[in-house]
Amino acid sequence: MRTNLDRRHFLGLAGLGAGAAALAACGGPSTAGTADAVDTATIDFSGVKPAASIDFWTNHPGKSQDVEKAIIEKFQAKFPDIKVNLVTAGANYEEIAQKFQTSQAAKTGLPGLVVLSDVWWFRYFSNGSIIPIDPLVKQLDIKIDDFQKSLVDDYKYDDKQWALPYGRSTPLFYYNKDHFKAAGLPDRAPATWQEFAEWAPKLKATSGAQYAYIYPALAGYAGWTLQNNLWGWGGAWSKGWDITCDSKESVAALQWAQDSIYKDGWAGVSSKEAADDFAAGITSSTISSTGSLLGVLKAAKFNVGVGFLPGGPEVPSSVCPTGGAGLGIPSGITKEEQLAAATFLKFMTEPENTAAFSAATGYMPTRLSADISSVLAATPQIKTAMDQLAATKVQDNARVFLPGADQEMAKSAAKILTQQGDVQATMTELKKTLEGIYTKDVKPKLKS
Amino acid sequence: MTAPLMHNSSATPADRSARPDAAPPGGPAAKTNPAQARRRWSGRSRKDFVVFLAMALPNLVLIGTFTYWPLINNIYYSTLDWTLGSASATVVGLQNYVTFFTSEDASKVLGTTAIFTVLTVGGSMVLGLLVALALNSKVRGTTFARSAVFAPYVLSGVGVGLVWLFIFDPGYGVLAWILRGLGQQSPQWINDPQLSLVMVIIVYVWKNLGYCAVVFLAGLQSLPRDVMEAAALDGANSFRRFFNISLPLLSPTTFFLLITTMLSSLQAFDLIRIMTPLGNGTSTLIYEAYLQAFGAYNRAGYSAAISVILFAILLVITVLQLRFVERKVHYS
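The rules behind each value
Residues numbered from 1 in each chain as written. Chains lettered and ligands numbered in written order. Predicted model: local features only at pLDDT ≥ 70, side-chain atom pairs only at ≥ 80, totals over all residues. Helix = DSSP H or I, 4+ residues; strand = E, 2+ residues; numbered from the N terminus. Rg over C-alpha atoms; globule rule 2.2 N^0.38 Å. Contact = placed C-beta atoms within 7 Å. Buried ≥ 20, exposed ≤ 12 C-beta atoms within 10 Å, placed from the backbone. Axes fitted to C-alpha atoms, helices over the stretch in contact; angles between N-to-C directions. Parallel < 35°, antiparallel > 145°, perpendicular 65-115°, else oblique. Left-handed = near helix turned anticlockwise from the far one by under 90°. Nonpolar A, V, L, I, M, F, W, Y, C, P; charged D, E, K, R; others polar. Pairing = 2+ DSSP bridges. Domains from an automatic or database assignment. pLDDT = per-residue confidence, 0-100.

Chemist: Go over the overall build of chain A with me, naming the residues and quoting the values.
Modeler: Along chain A, the regular secondary structure elements total 20 helices and 16 strands. The C-alpha atoms of chain A give 24 Å as radius of gyration, which agrees with the globular expectation for 448 residues (22 Å, within 12%). Its C-alpha atoms put chain A at 75 × 65 × 50 Å along the principal axes. Sequence-distant contacts, at least 24 apart, represent 76% of the contacts inside chain A between residues at least 6 apart.

Chemist: I'd love a proper account of the overall build of chain B, names of residues and values included.
Modeler: Secondary structure summary: chain B contains 15 helices and 2 strands in total. Expressed as a percentage of the 332 residues in chain B, the buried residues total 36%. For chain B, contacts bridging at least 24 residues in sequence account for 68% of all contacts bridging at least 6.

Chemist: How would you sum up the packing of helix 3 (residues 65–78) of chain A against helix 15 (residues 351–361) of chain A? Please name residues and give values.
Modeler: Residues and elements named next belong to chain A. Closest axis-to-axis distance for the helix 3/helix 15 pair is 9 Å, and the angle between their directions is 160 degrees. Judged by the angle between their axes, helix 3 and helix 15 are roughly antiparallel. Relative to helix 15, helix 3 is oriented so that their crossing is right-handed. In contact with Asp 66, Val 67 and Ile 71 of helix 3, helix 15 contributes Asn 353, Ala 356, Phe 357 and Ala 360. When grouped by side-chain class, the residues that make up the contact of helix 3 with helix 15 number 5 nonpolar, 1 polar and 1 charged.

Chemist: Quick rundown of the sheet that holds strand 15 (residues 323–328) of chain A? Include the residues and the values.
Modeler: Residues and elements named next belong to chain A. One open sheet accounts for 5 strands, arranged 2-1-3-15-6; its pairing is mixed. In this open sheet, the two edge strands, each paired with only one partner strand, are strand 2 (83–88) and strand 6 (164–169). Between one strand axis and the next, the sheet turns through 25 degrees on average, direction left out of account. As judged from the 4 bridges shared by strand 6 and strand 15, these two strands associate in the antiparallel manner. Looking at the pairing, Pro 165 lines up with Gly 326 of strand 15. Sitting on the sheet, helix 3 is in contact with strand 1 (53–58) and strand 2, with an inclination near 170 degrees to strand 2.

Chemist: How would you summarise the environment of B:Asn208 if you had to cite specific residues and measurements?
Modeler: All names here are of chain B. With respect to the helices and strands, Asn 208 occurs in helix 9 (residues 193–221). Note on Asn 208: 24 C-beta atoms within 10 Å, which makes it buried. Separated by 55 residues in the primary sequence, Asn 208 and Tyr 153 place their C-alpha atoms 5.3 Å from one another. Ignoring any residue separated from it by four or fewer positions in sequence, one finds Asn 208 in contact with Ser 124, Tyr 153 and Thr 261.

Chemist: Please give an account of the domain arrangement of chain A that cites residues and values.
Modeler: Residue and element names in this part refer to chain A. When the domains of chain A are assigned, the result is domain 1 (40–169 + 323–370) and domain 2 (171–321 + 394–445). Summarising the inter-unit geometry, the C-alpha centres of domain 1 and domain 2 are found 30 Å apart. Contacts between the two partners involve 17 residues from domain 1, matched on the other side by 17 residues from domain 2. Counting residues per element, the ones that place at least two in the side of domain 1 that touches domain 2 are helix 5 (121–126), strand 6 and strand 15. Considering every element that reaches the side of domain 1 that touches domain 2, the biggest residue donor is helix 5, with 3 residues.

Chemist: Could you give an account of the pairing of strand 7 (residues 171–176) of chain A, naming the residues involved and the relevant values?
Modeler: Residue and element names in this part refer to chain A. The buried fraction of strand 7 amounts to 6 of the 6 residues, a majority that puts the element mostly inside the structure. Of the two faces of strand 7, the one holding Pro 171, Phe 173 and Tyr 175 and the one holding Leu 172, Tyr 174 and Asn 176 are both buried throughout. With 5 bridges connecting them, strand 7 and strand 12 (residues 285–289) associate as antiparallel partners. Residue pairing in the sheet places Pro 171 in a bridge with Ser 289 of strand 12. When strand 7 meets strand 13 (residues 304–307), the two strands line up antiparallel, connected through 4 bridges. Bridge assignment links Tyr 174 to a residue of strand 13, and that residue is Val 306.

Chemist: Could you give an account of unusual backbone geometry, with specific residues and numbers?
Modeler: Although it is not a glycine, A:Asp159 sits at a positive phi angle of roughly 60 degrees. Structurally, A:Asp159 is set in the loop between strand 4 (156–157) and strand 5 (160–161). Phi at B:Asn298 takes a positive value of approximately 60 degrees, unusual for a residue other than glycine. Looking at where B:Asn298 falls in the secondary structure, it is placed in the loop between helix 14 (285–295) and helix 15 (300–323). Judged by the 26 C-beta atoms lying within 10 Å of it, B:Asn298 falls in the buried class.

Chemist: Talk me through helix 14 of chain B; I want residue IDs and the actual numbers.
Modeler: Counting buried residues along helix 14 of chain B, 11 of its 11 residues qualify, which places the element largely inside the surrounding structure. Turning to helix 14 of chain B, its buried residues number three or more, namely B:Leu285, B:Ile286, B:Tyr287, B:Glu288, B:Ala289, B:Tyr290, B:Leu291, B:Gln292, B:Ala293, B:Phe294 and B:Gly295.

Chemist: Can you lay out the pairing of strand 15 of chain A for me, pointing to particular residues and giving the numbers?
Modeler: Residue and element names in this part refer to chain A. In terms of burial, strand 15 is a largely internal element, 6 of the 6 residues being buried. Relative to strand 15, strand 3 (residues 113–117) is paired through 4 bridges, and the arrangement is antiparallel. When the sheet's bridge partners are listed, Ser 117 is paired in strand 15 with Ala 325.

Chemist: Give a detailed account of the confidence of the model for chain B, specifying residues and quantitative values.
Modeler: Regions with low pLDDT carry predicted coordinates that are not meant to be interpreted in detail. Residue and element names in this part refer to chain B. Of the residues in chain B, 85% reach a pLDDT of 70 or more, and the chain-wide mean stands at 84. Residue range residues 1–30 is modelled with pLDDT below 50. Its contacts to residues more than four positions away, or to other chains, number 18 contacts. Overall fold confidence (pTM) sits at 0.81, and the ipTM for the predicted complex is 0.80.

Chemist: Describe the environment of A:Asp55, naming the residues involved and giving the relevant values.
Modeler: Residue and element names in this part refer to chain A. Inspection of the secondary structure assignment puts Asp 55 in strand 1. Sequence separation of Asp 55 and Asp 178 is 123 residues, and the distance between their C-alpha atoms is 46 Å. Those residues in contact with Asp 55, other than ones at most four positions away along the chain, are Asn 85, Val 87, Pro 111 and Gly 112.

Chemist: Go over the confidence of the model for chain A with me, naming the residues and quoting the values.
Modeler: The predicted model of chain A has a mean per-residue pLDDT of 88, with 91% of residues at 70 or higher. In the predicted structure, residues 7–23 of chain A sits below a pLDDT of 50 and forms 35 contacts with residues beyond four places in sequence or in another chain.

Chemist: Tell me about the environment of A:Asp118, residues and numbers included.
Modeler: Residue and element names in this part refer to chain A. Inspection of the secondary structure assignment puts Asp 118 in the loop between strand 3 and helix 5. A sequence separation of 47 residues divides Asp 118 from Pro 165, and the C-alpha atoms of the two residues are 9.8 Å apart. Those residues within four positions of Asp 118 in sequence are excluded, and the remaining contacts are Asp 154, Gly 323, Gly 324, Gln 395 and Val 400.

Structure below.
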């Protein structure tokens with residue numbers, strides 16, 4: 001067989017390889033059996049001088065670019081020897097994670113400080129990509145006790161603190177006050193989903209909106225908000241490391257959600273962003289992050305009400321997960337850069353700065369001593385989010401600690417809520433997938 | 001086995017003798033002894049080789065550095081159990097390939113890839129040909145129409161994806177608005193995995209049919225008029241002229257488009273990423289490779305194995321096309 005390698009063939013073959021270039025362009029790992037864990041015993045910052053410049057990677061959660069810039073300007077005035085470069089490192093938590101991990105693999109271009117979400121920080125920890133900040137907390141006298149305990153404890157593992165809370169949120173129940181009034185309903189969020197099921201037909205009949213309630217977009221963080229439904233029915237994605245998404249209680253919760261769409265017909269599923277759908281008047285109510293609060297208040301042309309997430313038949317009081325992002329310091333940078341980053345981290349989370357951040361975004365102030373009177377005066381709805389903190393609960397391990405679990409949960413939710421898939425079968429399949437991820441990707445990295 | 005490509009075999013002896021460096025069989029070159037050959041190498045050939053190196057070397061270095069070196073690295077990574085972001089990895093040999101082919105993902109991803117490729121390539125080419133036939137007619141406004149048809153091809157895939165997402169949005173999209181006017185509910189284009197695939201295929205075909213149309217149009221305009229006129233004089237109607245003359249004569253164009261659209265379809269990424277970030281129902285091989293490494297799972301070694309599988313598929317398809325499909329091509 002004769003081979004004709006002319007220009008066309010040659011260029012064709014050259015083109016074929018292009019797709020593989022992106023991944024391979026990253027730096028390679030060591031196969032010498034070195035451990036990923038950061039050697040915390042050697043972290044000592046005594047005698048270290050802060051670096052002159054660091055990058056701060058953020059996705060500007062809650063459209064916070066302006067307030068981040070303002071805080072950095074204040075920091076520069078106080079610490080003129082440390083320059084902080086504000087870098088838009090992605091449009092959301094996932095994009096910022098891609099950039100961070102790619103830099104980690106390439107072993108170059110890492111930031112001093114990085115925004116890390118609830119589902120990413122543990123992966124960074126298990127890969128040895130971030131350092132425990134305890135020595136820096138001690139050296140810089142960061143008042144850990146003054147942070148909201150439930151928020152700061154989210155980043156504790158192995159008796160160490162791996163990050164500090166930044167743009168922290170919970171889901172909130174948003175409702176259209178005008179629609180509720182027209183339907184003769186009380187001006188409050190429902191106490192339970194059962195109560196809302198009684199209200200929904202009235203809302204649907206009188207509001208003119210497409211839906212009485214819209215489930216958050218599945219491609220967003222379905223695994224996050226659906227925890228409310230699961231917990232209300234006594235179920236969960238997991239209990240500890242035991243995957244329980246196929247339990248009787250979990251299946252009942254998701255069956256009820258499916259029925260609200262297909263059997264009862266008063267609920268829908270958002271395609272892109274439930275907060276936008278709500279603000280556009282497509283639905284009378286939804287659940288969305290507190291980080292969407294200011295955006296909704298600005299965009300909605302009706303009276304917006306917010307309330308605690310509803311409870312369920314087994315847990316009738318509000319059941320709500322925490323969420324949002326924290327700030328961490330990479331392990332792959334110099335100690336000088338780490339110290340400079342910690343100095344900025346301390347400043348960024350000072351009470352007055354966390355109050356300013358909340359005022360600009362709707363995220364919760366993370367410091368107990370923050371003076372939020374002006375924040376509440378401008379946006380009283382933020383108080384609801386803060387009061388709801390008492391009803392929050394740490395998220396299920398399966399969602400926040402298993403790589404890709406959020407995506408798998410979203411796919412399963414799509415099967416149930418948009419294709420009317422069999423709930424039990426879908427959850428059994430999800431359990432198998434999640435257990436596979438745990439066994440392969442997480443269990444080997446856990447301390448016994 | 002001899003499989004001469006038609007564009008080689010169709011060259012006439014006159015063509016060959018017309019080339020300044022060609023010699024007829026049994027001609028003077030056949031009688032050149034080694035000493036003469038060395039003298040020739042020391043003269044013009046050496047100069048030609050230097051010119052060749054000067055022209056080709058920069059490109060070869062670039063292609064080698066940015067395509068083949070990463071490709072080789074990628075094949076190596078595919079033999080590792082490596083979590084992206086981790087500084088260490090374990091050599092696992094072919095385990096990543098075994099895992100892929102024994103998982104349920106393989107049939108799903110390969111099936112989605114096949115459906116996406118067949119429908120986007122077929123759709124772009126068939127619609128592109130129809131549009132080219134329309135644009136080939138002598139009516140007013142064809143220049144504007146050609147530009148309008150080609151414009152989507154040069155638009156950013158990200159921008160196109162975002163605009164079409166608004167159109168397809170079941171809540172406040174244009175399509176939903178039209179359907180509501182007809183008393184119908186909008187399908188769940190974005191959340192339903194099967195409809196998501198249909199949605200992405202529609203947008204991909206819309207974006208790329210202009211490219212096929214323009215290339216087909218160029219092919220149509222280069223068809224020999226005398227053949228068409230002879231067929232018309234012999235009483236062949238336009239339908240027969242198209243299927244019996246135009247279409248066979250367009251085969252070089254069709255072959256070219258088949259290869260280029262298939263390669264680009266198998267590497268389609270931007271629209272899928274923007275319109276269906278979860279890849280739920282739309283996870284083709286290349287998107288699965290992205291999701292596994294960068295999307296959420298951080299399985300860089302496994303992702304590299306999927307990339308190698310994609311590479312092998314592209315290679316096989318291209319070789320098969322060059323070996324077998326091109327035989328059916330009429331170059332004149």
